Amino acid sequence: MANILVVDDELGIRDLLFEILNDEGHNVELAENASEARAARQRARPDLVLLDIWMPDTDGVTLLKEWSAANLLGMPVIMMSGHATIDTAVEATRIGAFAFLEKPITMQKLLKSVEQGLAREDARRAAAAVVPPAQGFAPVVTSGSAGLLAALPPASPVIETGPQASQSFDLDRPLREARDGFEKAYFEYHLAMENGSMTRVAEKTGLERTHLYRKLKQLGVDLSRGRRNAL
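Calculation notes
Residues numbered from 1 in each chain as written. Predicted model: local features only at pLDDT ≥ 70, side-chain atom pairs only at ≥ 80, totals over all residues. Heavy atoms only, no water. Helix = DSSP H or I, 4+ residues; strand = E, 2+ residues; numbered from the N terminus. Buried < 20%, exposed > 50% of the residue type's maximum accessible area, 1.4 Å probe, protein only. Contact = heavy atoms within 4.5 Å. Areas by Shrake-Rupley, 256 points an atom, 1.4 Å probe, with all protein chains shown as cover. Axes fitted to C-alpha atoms, helices over the stretch in contact; angles between N-to-C directions. Parallel < 35°, antiparallel > 145°, perpendicular 65-115°, else oblique. Left-handed = near helix turned anticlockwise from the far one by under 90°. Nonpolar A, V, L, I, M, F, W, Y, C, P; charged D, E, K, R; others polar. Salt bridge = Lys/Arg side-chain N within 4 Å of Asp/Glu carboxyl O. Pairing = 2+ DSSP bridges. Right-handed = clockwise from strand over helix to strand, strands pointing away. Core = buried A, V, L, I, M, F, W, Y, C linked by side-chain atoms within 4.5 Å. Expected span 1.5 Å × (residues − 1). Arc of directions from axis to C-beta. Polar contact = N/O pair within 3.5 Å; in protein donor to acceptor, adjacent residues only side chain to side chain.

## Some thoughts on the overall build of the chain
Then comes step 1: Within the chain, the regular secondary structure consists of 10 helices and 5 strands.
Then comes step 2: A burial count over the chain gives 36% of its 231 residues as buried.
Then comes step 3: Here the analysis covers contacts within the chain between residues at least 6 apart in sequence; of these, 63% occur between residues at least 24 apart.
Then comes step 4: Surface accessibility of the chain: about 14,500 Å² in total, with carbon and sulfur atoms responsible for 55%.

Encoded structure:
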């Protein structure tokens, strides 16, 4: 789960992006202009920013330059526009934008760009967290412990098991109850496999997302479970 800032002066686009990204399990903050975006950036650094180019007070490229000059571009910024030229997109990339999305933005391109941006940010943070070992340091091994350490088997990774693909069901029940039990287990399995992403579960199960959401509520499926597993 990531903290994502969406900056766009169009209410419909802000609401749409909020719905999609929130369904993916992200924390989404909205800003309708550069002034609100500055305040949001100052309160807490987002993991990723979706920034519209054409805004009434300050355009997105100018805001991007401002953040770059102040060394505030420590997060991936994805630019968005329905009217920008190739030169504008190239300039934004040169300043430090991670990617450029042309409106109308398809869900597939949005999620792919966000996923790639967050992956780059995770890799950057991981690299920054690596601390080189102190010079001249060596582990202390006593005479009685050397043989014991050599005899110990390597530690096995801890593997958490999730919902099983194969399950047994109590068939000695009314048909409706047995069917609901199967459907609940089915959807819980796919939610766990897709880390709680409603969008990907809808694609996997062949259901429209709104219908899928109503179905899960009807079956009493815990929608937060997959997202907690992804943390």
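Structure shown, so let's carry the discussion forward.
## Concerning the packing of helix 2 (residues 34-43) against helix 3 (residues 60-69)
Then comes step 1: At a closest axis distance of 11 Å, the pairing of helix 2 and helix 3 adopts a crossing angle of 30°. In this view, helix 2 runs roughly parallel relative to helix 3, as classed from their interaxial angle. Crossing angle aside, the handedness with which helix 2 passes helix 3 is right-handed. Residues Ala34, Ala37, Arg38 and Arg41 of helix 2 form the contact with helix 3, whose own contacting residues are Leu63, Glu66 and Trp67.
Then comes step 2: Considering only residue class, the contact of helix 2 with helix 3 consists of 4 nonpolar, no polar and 3 charged.

## Quick look at the pattern of salt bridges
Then comes step 1: Evaluated as defined, the whole model comprises 11 salt bridges.
Then comes step 2: When the shortest N-O distance is used, the salt bridge between Arg200 and Glu24 registers 3.4 Å. Placement of Arg200 in helix 8 (residues 198-205) and of Glu24 in the loop between helix 1 (11-23) and strand 2 (27-31) is noted, with a sequence separation of 176 residues between them.
Then comes step 3: A salt bridge links Glu91 to Lys65; the nearest nitrogen and oxygen atoms lie 3.1 Å apart. Highlighted residues: Glu91 in helix 4 (residues 86-95) and Lys65 in helix 3, separated in sequence by 26 residues.
Then comes step 4: Judged by relative accessible area, Glu91 falls into the partly exposed class, the value being 25%.
Then comes step 5: Connected through salt bridges with shared partners, the residues Arg45, Asp47, Glu121, Arg124 and Arg125 form a single ionic network.

## A short note on the pairing of strand 4 (residues 77-81)
Then comes step 1: Among the 5 residues that make up strand 4, 5 are buried, leaving the element largely enclosed by the rest of the structure.
Then comes step 2: Of the two faces of strand 4, both are covered, the one formed by Val77, Met79 and Ser81 as well as the one formed by Ile78 and Met80.
Then comes step 3: Relative to strand 4, strand 3 (residues 48-52) runs parallel, the two being bridged by 4 bridges. In the strand pairing of strand 4, Leu50 is matched with Ile78.
Then comes step 4: The parallel pair strand 3 and strand 4 is bridged by helix 3, and the resulting crossover is right-handed.
Then comes step 5: In terms of strand pairing, strand 4 meets strand 5 (residues 99-102) through 4 bridges, oriented parallel. The residue bridging Ser81 from the neighbouring strand is Glu102, located in strand 5.
Then comes step 6: Taken together, strand 4, helix 4 and strand 5 form a β-α-β motif whose crossover is right-handed.

## Regarding the sheet that holds strand 1 (residues 3-7)
Then comes step 1: The 5 strands are arranged 2-1-3-4-5 in an open sheet whose pairing can be described as parallel. Here the strands that pair on one side only, and so sit at the sheet edges, are strand 2 and strand 5. The average angle at which neighbouring strand axes cross in this sheet is 20°, direction not considered.
Then comes step 2: Lying over the sheet, helix 2 contacts strand 1 and strand 2, oriented at roughly 145° with respect to strand 2.

## Details of the nonpolar core
Then comes step 1: By size, the foremost hydrophobic cluster in this structure holds 20 residues, and its most contacted members are Val7, Val49, Leu51, Leu64, Val77 and Met79.
Then comes step 2: Of all the secondary-structure elements, those providing two or more residues to this core are strand 1, helix 2, strand 3, helix 3, strand 4 and helix 4.
Then comes step 3: Counting residues per element, this core draws most heavily on helix 3, at 4 residues.
Then comes step 4: Look past the residues within four positions of Val49 in its chain and what remains in contact with it is Leu5, Val7, Trp67, Met75, Pro76, Val77 and Ile78.

## A word on helix 7 (residues 175-193)
Then comes step 1: Compared with an ideal rise of 1.5 Å per residue, which puts 19 residues at 27 Å, helix 7 spans 27 Å between its outermost C-alpha atoms and is within 8% of the ideal.
Then comes step 2: Where helix 7 terminates, the next one or two residues include Asn195, which has phi positive at roughly 55°.

## Details of helix 2
Then comes step 1: For helix 2, every residue scored as buried is listed here: Ala34, Ala37, Ala40 and Arg41. In an axial view of helix 2, the angular spread of the buried residues amounts to 120°, which keeps them on one side of the axis. Among the exposed residues of helix 2, those pointing more than 90 degrees away from its buried face are Gln42 and Arg43.
Then comes step 2: Taking the backbone nitrogen of Ser35 as reference, a side-chain oxygen 3.2 Å away marks Asn33 as the first, capping residue of helix 2.

Just distances and angles here, no functional claims.
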